[in-house]
Amino acid sequence: MRIAFTLTWKKVLAAGFGAVVLALAVSFSGLVSIAASTGHYSIVGWFLHWTMQNSVDRQSMLISVPEGVDLADPALVQRTAGHFATGCASCHGAPGVPQSPVVLSMTPHPPRLEENVGEWKDRELFWIVKHGIKYSGMPAWVTQDRDDEVWAQVAFLRALPDMTAERYTELALGGTPAGSPAEPGGEAAAASTGVFETALADCSRCHGRDGLGRGSGDAAEAFPVIAAQPKAYLLATLKAFSTGARQSGLMQPPARRYDDATLAALADWYASQPRTNRSEPALRMSETAGGDGIPRQILPHGSRSESAIVASAAAGNLPPDRAALLDLGRMIAQEGIAARKIPACESCHGLEGRSKNDHYPYIDGQPEWYAKTHLELWKEEERGGTHFSHLMSKIAIHLTDEQIEAVSAWYAEQGRDPAKPDAP
């Protein structure tokens with residue numbers, strides 16, 4: 001028997017309309033279970049996971065580990081350990097930290113990362129951490145403008161499979177377990193009393209109670225130094241993180257967690273901590289003073305002239321050696337480069353400049369990576385902050401990458417105790 005059928009555009013349109021109506025009818029009927037308690041049929045679970053894997057793989061194809069980023073760097077691993085404890089372990093667990101039965105009742109439930117991270121490429125982990133996964137409970141990174149933080153989190157994830165419970169406790173919790181046994185996420189919740197101590201414990205996982213930053217050996221200088229920064233600056237910065245005016249996936253969540261009174265107490269605490277092994281740059285350098293009273297570092301014999309070094313860096317070339325790089329950084333910090341509309345950094349961040357405005361932080365002794373990262377963010381107009389932040393955007397845009405590297409290196413050197421070269 002032959003059935004005559006002629007396909008017309010009207011029949012195609014009717015079939016499409018019918019399919020839409022059928023889908024809406026099935027949805028309206030309530031017959032499709034969305035209960036997490038029932039899970040997925042095996043074929044459905046496989047299809048959804050396969051779709052997710054394909055999406056991550058294809059959309060991360062153009063991503064690669066940036067030049068200069070070493071995912072095995074202990075300082076990079078240290079940098080996001082505390083964030084993992086408060087932002088990730090509550091769902092994924094951690095070495096020595098079991099997953100909650102509540103989490104395991106989710107569909108799909110979050111995997112234990114130390115057991116599954118090896119299945120993903122570096123670029124894929126970066127994509128997942130940055131963008132999150134819809135309908136799974138996996139959030140995107142709080143800000144999409146801080147790839148440096150996302151790569152640091154990838155470095156921590158790469159270290160997870162070989163991490164013991166003791167090592168995790170040291171890295172993420174400062175050596176003090178959240179409880180016995182450890183309770184996932186318990187370290188993140190503020191009790192109705194003792195909120196300040198809870199908040200300080202939050203800060204201490206990265207910055208230490210002394211504000212000098214946690215980490216030693218190869219992980220030293222993993223964090224910026226906040227001890228003895230002006231209270232007004234610290235409070236304004238915490239509020240900027242809380243409102244999102246300053247972007248950081250590491251700092252915005254904890255700053256938002258507490259009220260203004262607690263933030264003020266934290267600012268007061270860290271402002272009162274001493275700057276151990278740190279002093280003003282002018283007192284730390286091996287320099288002679290010029291007739292105008294401005295310190296001058298003596299160039300090594302045979303080095304190029306200061307004008308040649310500036311011209312070279314402006315043209316996109318690094319100075320020939322570390323000494324010349326530091327001298328260029330010293331010139332920018334103490335004298336500026338008028339021809340490029342770059343004022344002396346010390347005019348605001350030196351002792352005299354800070355005495356006039358308690359919203360200006362000291363930057364001598366800050367880790368080289370930290371100053372460099374934030375100058376680059378300002379240059380790309382991706383760095384917010386307090387109501388004085390816009391001043392740095394107007395300056396950073398005139399700095400070359402080489403000048404940023406030089407001034408960051410010079411300021412990092414000013415915080416090192418000559419008798420203890422590895423001190424934070």
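Model, not experiment: these values are computed from the prediction.

Describing helix α16 (residues 322-334)
Here α16 is 13 residues long and its end C-alpha atoms lie 18 Å apart, about the 18 Å a rise of 1.5 Å per residue gives. Counting buried residues along α16, eleven of its 13 residues qualify, which places the element largely inside the surrounding structure. Burial in α16 covers these residues: A324, L325, L326, D327, L328, G329, R330, M331, I332, A333 and Q334. Where α16 starts, the residue carrying a side-chain oxygen 3.3 Å from the main-chain nitrogen of A323 turns out to be D321. Two residues or fewer past α16, G336 is found with a positive phi of approximately 75 degrees.

Some words on unusual backbone geometry
Leave glycine aside and you will find that most residues have negative phi; peptide bonds, for their part, are mostly trans. Here T107 and P108 are connected by a cis peptide whose omega angle stands at -5 degrees. Mapped onto the secondary structure, P108 falls in the loop between α6 (101-104) and α7 (113-116). With phi around 65 degrees, A228 is a residue other than glycine that occupies positive phi space. A relative accessible area of 28% places A228 in the partly exposed class. One non-glycine residue with positive phi stands out, namely K341, at about 60 degrees. As for its position among the elements, K341 is in the loop between α16 and α17 (346-349). Accessibility expressed as a relative area gives 62% for K341, which makes it exposed.

Focus: the side chain of T237
Mapped onto the fold, T237 is located in helix α12 (residues 231-243). Exposure remark for T237: the relative accessible area of 9% places this residue in the buried category. A distance of 2.8 Å separates a polar atom in the side chain of T237 from the backbone oxygen of Y233. For T237, the contacting residues outside a window of four places in its chain are R246 and T386.

A few points about a negative patch on the surface
Taken together, the side chains of D145, E376, E380, E381 and E382 present a region of like negative charge at the surface. The topology assignment puts E381 in the loop between α19 (368-379) and α20 (389-396).

Notes on the nonpolar core
F84, F156, L157, L160 and Y168 are the most contacted members of the largest nonpolar core, which has 34 residues in total. Contributions of two or more residues to this core are made by α3 (74-79), α4 (81-87), α8 (122-131), α9 (147-159) and α10 (165-173). Among the elements that take part in this core, α9 stands out by supplying seven residues, more than any other. What L157 contacts, discounting residues up to four positions off in sequence, is F84, L113, V117, L125 and V129.

Details of the pattern of salt bridges
Summed over the entire model, instances satisfying the criterion amount to 20 salt bridges. Across the pair D148 and R146 runs a salt bridge whose closest N-O atoms are separated by 2.8 Å. A residue is classified by how much of its surface remains accessible, and D148, at 28% relative accessible area, is partly exposed. Note on R146: relative accessible area 6%, which makes it buried. In this structure, a network of salt bridges that share partners links the residues D57, R58 and R123.

Section: a nonpolar patch on the surface
On the surface, Y41, I43, V44, W46, F47, L48 and W50 cluster together to form a nonpolar patch covering roughly 800 Å² of accessible area. Here F47 lies in helix α2 (residues 42-59). Under the relative-accessibility criterion, F47 is labelled partly exposed at 45%.

Quick word on the state of the cysteines
On inspection of all chains with the given rule, the structure shows zero disulfides. Residue C206 stays outside any disulfide, its sulfur separated by 8.8 Å from that of C203, the closest cysteine. Accessibility expressed as a relative area gives 16% for C206, which makes it buried. Free cysteine: C348, not disulfide-bonded; nearest cysteine sulfur from C345 at 9.0 Å.

A look at the confidence of the model for the protein
Per-residue confidence for the protein gives a mean pLDDT of 86, with 83% of residues at or over 70. Overall, residues 178-193 carries pLDDT values under 50, and its contacts beyond four positions in sequence, including any with other chains, amount to 26 contacts. For residues 418-424, every residue scores under 50 in pLDDT, and the model assigns this stretch ten contacts once sequence neighbours within four places are set aside.

Notes on the packing of aromatic side chains
Tallying each qualifying case throughout the model produces nine aromatic pairs. Where Y360 meets F388, the ring centres are 5.7 Å apart and the plane angle is 75 degrees; that geometry is what we call edge-to-face. Here Y360 is found in the loop between α18 (351-356) and α19, whereas its partner F388 is found in the loop between α19 and α20, with 28 residues between them in sequence. Relative accessible area serves as the criterion here: at 15%, Y360 is assigned to the buried category. When its relative accessible area of 23% is taken as the criterion, F388 is described as partly exposed. Consider the rings of W410 and Y411, whose centres lie 5.0 Å apart with planes at 75 degrees: the pair is edge-to-face. Residue class for Y411 comes out buried when judged on its relative accessible area of 3%.

Re the side chain of Q247
Examined against the element boundaries, Q247 turns out to sit in the loop between α12 and α13 (252-257). Within the local environment of Q247, its side chain forms a polar contact with the backbone nitrogen of G384, the two atoms lying 3.1 Å apart.

Analysis parameters
- Along each chain, the written sequence defines residue order, and numbers are assigned to residues from 1.
- For a predicted model such as this one, the threshold for reporting local features is a pLDDT of at least 70, and the threshold for listing and counting side-chain atom pairs is 80 or more; totals across whole chains, interfaces and linings nevertheless cover every residue.
- With hydrogens and water stripped out, all remaining heavy atoms of the structure feed into the side-chain values.
- The numbering of helices and of strands both runs from the N terminus, where a helix is a DSSP run of H or I of at least 4 residues and a strand a run of E of at least 2.
- Given a helix with a known number of residues, its expected span is that number minus one, times 1.5 Å.
- Per-residue accessibility, obtained with a 1.4 Å probe over protein chains only, is compared with the maximum for each type, and a residue is labelled buried under 20%, exposed over 50%, and partly exposed between these values.
- For this analysis, a polar contact is any N or O atom pair within 3.5 Å, provided that within protein one partner can donate a hydrogen and the other can accept it, and provided that sequence-adjacent residues contribute only side-chain to side-chain pairs.
- The criterion used for residue contact is that any of the two residues' heavy atoms lie within 4.5 Å.
- Patches here: salt-bridge-free residues with over 30% relative accessible area, like charges joined within 9 Å, nonpolar side chains (Val, Leu, Ile, Met, Phe, Trp, Tyr) joined within 5 Å.
- Computed with a 1.4 Å probe, the accessible areas rest on the Shrake-Rupley method; for each residue, only the protein chains presented here act as cover.
- Here, a salt bridge means any Lys or Arg side-chain nitrogen found within 4 Å of an Asp or Glu carboxyl oxygen.
- Positive: Lys, Arg. Negative: Asp, Glu. His and the chain ends are not part of the count.
- A charged residue contributes its charge at one atom only: NZ of Lys, CZ of Arg, CG of Asp or CD of Glu.
- By convention a nonpolar core is built from buried Ala, Val, Leu, Ile, Met, Phe, Trp, Tyr and Cys residues, the set being connected through side-chain atoms within 4.5 Å.
- Criterion for a disulfide: a pair of cysteine sulfur atoms within 2.5 Å.
- Within a predicted model, pLDDT stands for the predictor's per-residue confidence, ranging from 0 to 100.
- For this analysis, a ring pair means two rings from Phe, Tyr or Trp (six-membered ring only for Trp) whose centres lie within 6.5 Å, classed as stacked if their planes differ by under 30 degrees, edge-to-face if by over 60, and tilted for the remaining angles.

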